[in-house]
Amino acid sequence: MMHQLYPQVAHHYRYELNKDMHIAAAHFIPHKAAGSCANVHGHTYIVNVTIAGDELDESGFLVNFQTVKKLVHGKLDHTLLNDHNDWFDRHDPNRFPTTEVVARTIYETIQRYLDTLPHKPKCLQVFVRETPTSYVVYRPKAGER
Ligand SMILES: [Zn+2]
């Protein structure tokens with residue numbers, strides 16, 4: 001596992017958890033502006049998810065690392081991202097599996113799960129590296145967290 005430093009989010013929560021994941025997946029961007037990215041091709045995505053909160057659950061977790069992995073890695077690893085119709089859409093540019101949309105959709109999926117927990121942790125940041133030279137950071141706007 002590669003260790004790397006990620007951009008930090010300023011916050012006032014007591015606990016901050018970060019989960020790293022490597023996801024091997026294929027995708028294509030169905031738009032003429034995408035150039036060669038319109039062809040199916042693969043990446044090893046490096047994903048880092050930042051979750052924070054003030055309280056732990058009854059087992060002493062802010063959130064279980066394995067649950068976070070299952071929600072993201074368990075769904076996307078060794079798949080064609082475009083096949084996940086509940087996450088991505090080949091007709092809606094706001095839901096093409098670009099790095100930006102992948103990061104936002106991971107955020108939405110994790111936050112939807114966190115909202116079901118009584119101690120209400122928050123996802124503060126999702127970092128998605130698509131290539132050694134390209135990455136995206138998604139953070140909810142201040143009013144959304
Ligand atoms: Zn790509």
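Further up the page is the structure itself.
Not measured: the values here are computed from a predicted model.

Peer 1: I'm lost on the nonpolar core in this one. Help?
Peer 2: Soluble globular proteins tend to pack their nonpolar side chains together in the buried interior. The biggest cluster of nonpolar side chains holds 28 residues, and the ones touching the most others in it are Ile-51, Ile-106 and Ile-110. Those elements that place two or more of their residues in this core are strand 1 (15-27), strand 2 (41-53), helix 1 (65-76), helix 2 (99-114) and strand 4 (122-131).

Peer 1: Just checking my understanding: could you explain the sheet that holds strand 3 (residues 79-80) for this structure?
Peer 2: Taken in spatial order, the 5 strands make up an open sheet running 3-1-2-4-5, and their pairing is mixed. Bordering the open sheet on either side are strand 3 and strand 5 (134-138), each of which pairs with just one other strand. Each of strand 1, strand 2 and strand 3 touches helix 1; the most contacted strand, strand 1, lies at about 15° to it. Those strands touched by helix 2 are strand 2, strand 4 and strand 5, and its axis lies near 150° from that of strand 4.

Peer 1: What is the right way to look at the coordination of the zinc ion in this model?
Peer 2: Angles at a metal have ideal values that depend on geometry: 109.5 degrees with four tetrahedral donors, 90 or 180 degrees with six octahedral donors. Looking at the zinc ion, the protein donor atoms are His-27 (NE2), His-41 (NE2) and His-43 (NE2), and they sit 2.0 to 2.1 Å from it. Look at where the donors of the zinc ion fall in the sequence and you get H-x13-H-x1-H.

Peer 1: I keep staring at helix 1 and nothing clicks. Help me out?
Peer 2: Turn by turn, an α-helix covers 3.6 residues, leaving residues three or four places apart pointing in a common direction. When the terminal C-alpha atoms of helix 1 are compared, their 16 Å separation across 12 residues agrees well with the 16 Å that a helix rising 1.5 Å per residue should span. Every buried residue belonging to helix 1 is among Thr-67, Val-68, Val-72, His-73 and Leu-76, and all of these are buried. The secondary structure elements touched by the buried residues of helix 1 are strand 1, strand 2, strand 3 and helix 2. Among the residues of helix 1, the N-terminal cap falls to Asn-64, whose side-chain oxygen and the backbone nitrogen of Gln-66 are separated by 2.8 Å. His-78, located one to two residues past helix 1, shows a positive phi value of around 55°.

Peer 1: In this structure, what is going on with the side chain of Gln-111? I would like to understand it.
Peer 2: Of note, Gln-111 is situated in helix 2. Looking at Gln-111, its side chain comes within polar contact range of the side chain of Asp-115, at 2.8 Å. In contact with Gln-111, other than residues within four places in its own chain, are Pro-121, Lys-122 and Cys-123.

Peer 1: Hey, could you run me through the environment of Val-9 in this one?
Peer 2: You can see Val-9 is positioned in the segment before strand 1. For Val-9, a relative accessible area of 11% gives the class buried. In this structure the C-alpha to C-alpha distance between Val-9 and Gln-125, which are 116 residues apart in sequence, comes to 7.2 Å.

Peer 1: What should I look at first to understand the packing of aromatic side chains in this one?
Peer 2: For any pair of aromatic rings, the description consists of the separation of the ring centres together with the inter-plane angle of the planes. This model, assessed by the stated rule, comprises 4 aromatic pairs. Note on Tyr-6 and Phe-127: the rings are 4.7 Å apart at their centroids and 70° apart in plane angle, and the pair reads as edge-to-face. Linking Tyr-6 in the segment before strand 1 with Phe-127 in strand 4, this pair joins segments that are 121 residues apart in sequence. Take Tyr-6 and Phe-127: they sit in the same class, and that class is buried. Here Trp-87 and Phe-88 contribute two aromatic rings whose centre-to-centre distance is 6.0 Å and whose plane-to-plane angle is 70°, an arrangement assigned as edge-to-face. The class of Trp-87 is buried, set by a relative accessible area of 7%. The exposure class of Phe-88 is buried, given its relative accessible area of 1%.

Each value, and the rule that gives it
- Residues numbered from 1 in each chain as written.
- Predicted model: local features only at pLDDT ≥ 70, side-chain atom pairs only at ≥ 80, totals over all residues.
- Heavy atoms only, no water.
- Core = buried A, V, L, I, M, F, W, Y, C linked by side-chain atoms within 4.5 Å.
- Buried < 20%, exposed > 50% of the residue type's maximum accessible area, 1.4 Å probe, protein only.
- Helix = DSSP H or I, 4+ residues; strand = E, 2+ residues; numbered from the N terminus.
- Pairing = 2+ DSSP bridges.
- Contact = heavy atoms within 4.5 Å.
- Axes fitted to C-alpha atoms, helices over the stretch in contact; angles between N-to-C directions.
- Donors = N, O, S within 2.8 Å, 3.2 Å for Na, K, Ca; no water.
- Expected span 1.5 Å × (residues − 1).
- Polar contact = N/O pair within 3.5 Å; in protein donor to acceptor, adjacent residues only side chain to side chain.
- Phe/Tyr/Trp six-rings, centres within 6.5 Å; stacked < 30°, edge-to-face > 60°.

Note that every value here comes from positions in space, so none of it alone points to a role or purpose.
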